[in-house]
Amino acid sequence: MHWRSISAAIASISVVGIAIGLGIPLLSVILESRGYSSSMIGLNTAVAGIASIAAAPLATPIAMRFGVVWTMLAMIFVGAVAFVGFYFAQSFWMWFPLRAVLHFALTVLFILSEFWISTCAPPHRRGLVLGIYATVLSLGFAAGPWLFSQIGSTGFLPFGLTFAFVMVAAIPVLLARSESPKIVSEGGKGGFFRYIWIVPTATAAVLVFGAVETGGFALFPIYGQRIGYTEGEAALLLTMIGLGNFLLQIPIGMLSDRIGDRRILLLICALVGLGGTLAMPLLTVNWHLMAGMLFVWGGVVAALYTVGLAHLGAQLSGRDLASANAAFIFCYGVGMILGPQVIGIFMDIFGPNGFGWALAVFFGGYIAIGLGRIAAKSRR
């Protein structure tokens, strides 16, 4: 177990997670205070998803040319400078290229960090290591909004603090630079998009997770109020989902190390996701039962990302793994775009129940893919 190397990658990306958790709400609050409409704020935020999708195919070629460590250090610096740029950019149009540069850099950082972690984790402990990674990262995301609530949105302080957090992420990368993985050309044929189909059980899992996480978190407060919960009760239910995500990733990661075919565990996660979604209308009469179910549901559904990443690392290595990691993040970005749109349309057509039905479509589609892949393997 290369703990120094693994710890460096986890520490680096988790510090960036704190910066994202602090920075994203900060930017939205500032735009609102300047009088911009919700639609314009949403349009500017959507640039993040577009930039992430654009960055994914380029991450591996850049790292092959300049090395994993130097690429990560460059992205840390570029991302930090871009974020401080928001403080000095008074014209709204300038926020669009700044947002694109920021999330391009962050996407490359996530891809290379996850590649580093998957490469250095021993096969029989990969699920545990990725469970630790997911847990620490979720803690970083949670710490960011807390910091924002303490320091507010006025002045240079929140920008300076975010800049400092991002730059601190360079320290563990530098300390472990001698142990960083290398990406070398292996003469493979085909472009980036073929990696989406090489391990479809993993890439489809993260697409579903991206859709459910982004769409669910965005629209659950509206769903909760429409079925009779107060704003506070709906917010607490979201907190229960987050707690399940935080507490269950390491146990599920360890479980995945003991299962010969991680696709079976991914299928179980999707089945739990579907079952919880279908149970929601039956549990609305009892807030505590709903909270308990969402705690388990949130943790198990989040494992689609953790176990999917472990499955990816078990199937590929070297440049193929780096490119597949990029395809993994690409699919997550696609899910982020699809989820809010599909769930919103279903709720407009079918009312509050459309929230659960849309989630069921995502989980049901994944279950069909998972069963098809397992059946295809059994026939060979």
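Note that the coordinates shown come from a computational prediction; the quantities given were computed from them, not determined experimentally.

### A few points about the overall build of the protein chain
Along its length, the protein chain carries 14 helices and 0 strands. Principal axes of the C-alpha set define a box for the protein chain whose edges measure 60 × 55 × 35 Å. Counting every position in the protein chain, which comprises 380 residues, the buried fraction comes to 53%. Relative to all contacts within the protein chain whose residues are 6 or more apart in sequence, the contacts with residues 24 or more apart total 84%. For the protein chain, the exposed surface amounts to about 16,200 Å²; the carbon and sulfur share of it is 70%.

### Description of helix α11 (residues 262-283)
Taking 1.5 Å of rise per residue, 22 residues should cover 32 Å, and α11 covers 31 Å from first to last C-alpha, within 8% of that figure. Listed as buried for α11 are Arg262, Arg263, Leu265, Leu266, Leu267, Cys269, Ala270, Gly273, Gly276, Thr277, Met280 and Leu283.

### Digging into a nonpolar patch on the surface
The grouping of Phe77, Val78, Val81 and Val101 at the surface amounts to a nonpolar patch, some 310 Å² of accessible area in total. Top contributing element to the nonpolar patch by residue count: helix α3 (residues 68-88), with 3 residues. You can see Val78 is positioned in helix α3. Exposure remark for Val78: the relative accessible area of 31% places this residue in the partly exposed category.

### So, the packing of aromatic side chains
A full pass over the atoms with the stated rule returns 20 aromatic pairs. Ring geometry for Tyr87 versus Phe159: centroids 5.5 Å apart, planes at 55 degrees, classification tilted. A residue pair is termed long-range when its members are at least 10 positions apart, and Tyr87 in helix α3 and Phe159 in helix α6 (residues 157-168) qualify at 72 residues. We classify Tyr87 as partly exposed; its relative accessible area is 30%. With a centroid separation of 5.9 Å and an interplanar angle of 65 degrees, the aromatic rings of Phe209 and Tyr305 are classed as edge-to-face. Taken as a pair, Phe209 in helix α9 (residues 200-226) and Tyr305 in helix α12 (residues 287-315) lie far apart in primary sequence, 96 residues in all. One aromatic cluster in this structure is built from Phe83, Phe86, Tyr87, Phe88, Trp95, Phe156 and Phe159. In this structure, Arg194 packs its charged tip against the face of Tyr195, placed 4.5 Å from the ring centre.

### Some thoughts on the packing of α9 against helix α13 (residues 318-350)
Packing of α9 against α13 brings their axes to within 6 Å, and their N-to-C directions diverge by 35 degrees. For the pair α9 and α13, the sense of crossing is right-handed.

### Comments concerning the nonpolar core
If you look at the biggest cluster of nonpolar residues, it comprises 124 residues, and the most contacted ones within it are Trp116, Tyr133, Met280, Leu294, Trp297, Leu304 and Phe355. In this structure Leu294 touches Phe220, Leu237, Met240, Ile241 and Met280, once residues within four positions along its chain are discounted.

### What about the environment of Gly292?
Turning to its location among the elements, Gly292 is positioned in helix α12. For Gly292, a relative accessible area of 36% puts it in the partly exposed group. When the C-alpha positions of Gly292 and Ile241 are compared, they lie 9.2 Å apart, and in sequence the two are 51 residues distant.

### Comments concerning the confidence of the model for the protein chain
Residues with a pLDDT of 70 or more make up 97% of the protein chain, whose mean pLDDT is 87. Confidence, expressed as mean pLDDT per element, reaches its minimum in the protein chain at helix α1 (residues 3-33) with 80 and its maximum at α11 with 93.

### Topic: the pattern of salt bridges
Following the criterion strictly, the structure yields 3 salt bridges and no others. With a shortest N-O distance of 4.0 Å, Arg194 and Asp320 are connected by a salt bridge. Here the residue Arg194 occupies a position in helix α8 (residues 194-198), and Asp320 occupies one in helix α13, the gap between them amounting to 126 residues. Look at Arg194 and you get partly exposed, because its relative accessible area is 29%.

### Some points on the environment of Tyr332
Locating Tyr332 in the fold gives a position in helix α13. Counting along the chain gives 272 residues from Tyr332 to Thr60, while the straight-line C-alpha distance between them is 17 Å. Discounting chain neighbours no more than four positions away, the residues touching Tyr332 are Val206, Phe209, Gly210, Glu213 and Tyr305.

### Description of the side chain of Ser12
As for its placement among the helices and strands, Ser12 is situated in helix α1. The exposure class of Ser12 is buried, given its relative accessible area of 1%. Those residues within four positions of Ser12 in sequence are excluded, and the remaining contacts are Met72, Ile76, Ala169, Pro172 and Val173.

### Things to note about the state of the cysteines
A complete count under the given rule lists 0 disulfides for this structure. In this structure Cys331 is a free cysteine whose sulfur lies 18 Å from that of Cys269, the closest cysteine sulfur available.

### Things to note about the packing of helix α5 (residues 126-151) against helix α10 (residues 231-257)
Interhelical geometry of α5 versus α10 gives an angle of 170 degrees and a closest axis separation of 7 Å. In terms of orientation, α5 and α10 fall into the roughly antiparallel class. Here α5 contributes Arg126, Gly127, Leu128, Gly131, Ile132, Ala134, Thr135, Ser138 and Leu139 to the contact with α10, which in turn contributes Phe246, Gln249, Ile250, Gly253, Met254, Ser256 and Asp257. Partitioning the contact of α5 with α10 into residue classes produces 7 nonpolar, 7 polar and 2 charged.

Reading guide: rules and limits
Residues numbered from 1 in each chain as written. Predicted model: local features only at pLDDT ≥ 70, side-chain atom pairs only at ≥ 80, totals over all residues. Heavy atoms only, no water. Helix = DSSP H or I, 4+ residues; strand = E, 2+ residues; numbered from the N terminus. Buried < 20%, exposed > 50% of the residue type's maximum accessible area, 1.4 Å probe, protein only. Contact = heavy atoms within 4.5 Å. Areas by Shrake-Rupley, 256 points an atom, 1.4 Å probe, with all protein chains shown as cover. Expected span 1.5 Å × (residues − 1). Patch = residues over 30% accessible without salt bridge, like charges linked within 9 Å, V, L, I, M, F, W, Y side chains within 5 Å. Salt bridge = Lys/Arg side-chain N within 4 Å of Asp/Glu carboxyl O. Phe/Tyr/Trp six-rings, centres within 6.5 Å; stacked < 30°, edge-to-face > 60°. Lys NZ or Arg CZ within 6 Å of the ring centre and 35° of its normal. Axes fitted to C-alpha atoms, helices over the stretch in contact; angles between N-to-C directions. Left-handed = near helix turned anticlockwise from the far one by under 90°. Core = buried A, V, L, I, M, F, W, Y, C linked by side-chain atoms within 4.5 Å. pLDDT = per-residue confidence, 0-100. Disulfide = S-S within 2.5 Å. Parallel < 35°, antiparallel > 145°, perpendicular 65-115°, else oblique. Nonpolar A, V, L, I, M, F, W, Y, C, P; charged D, E, K, R; others polar.

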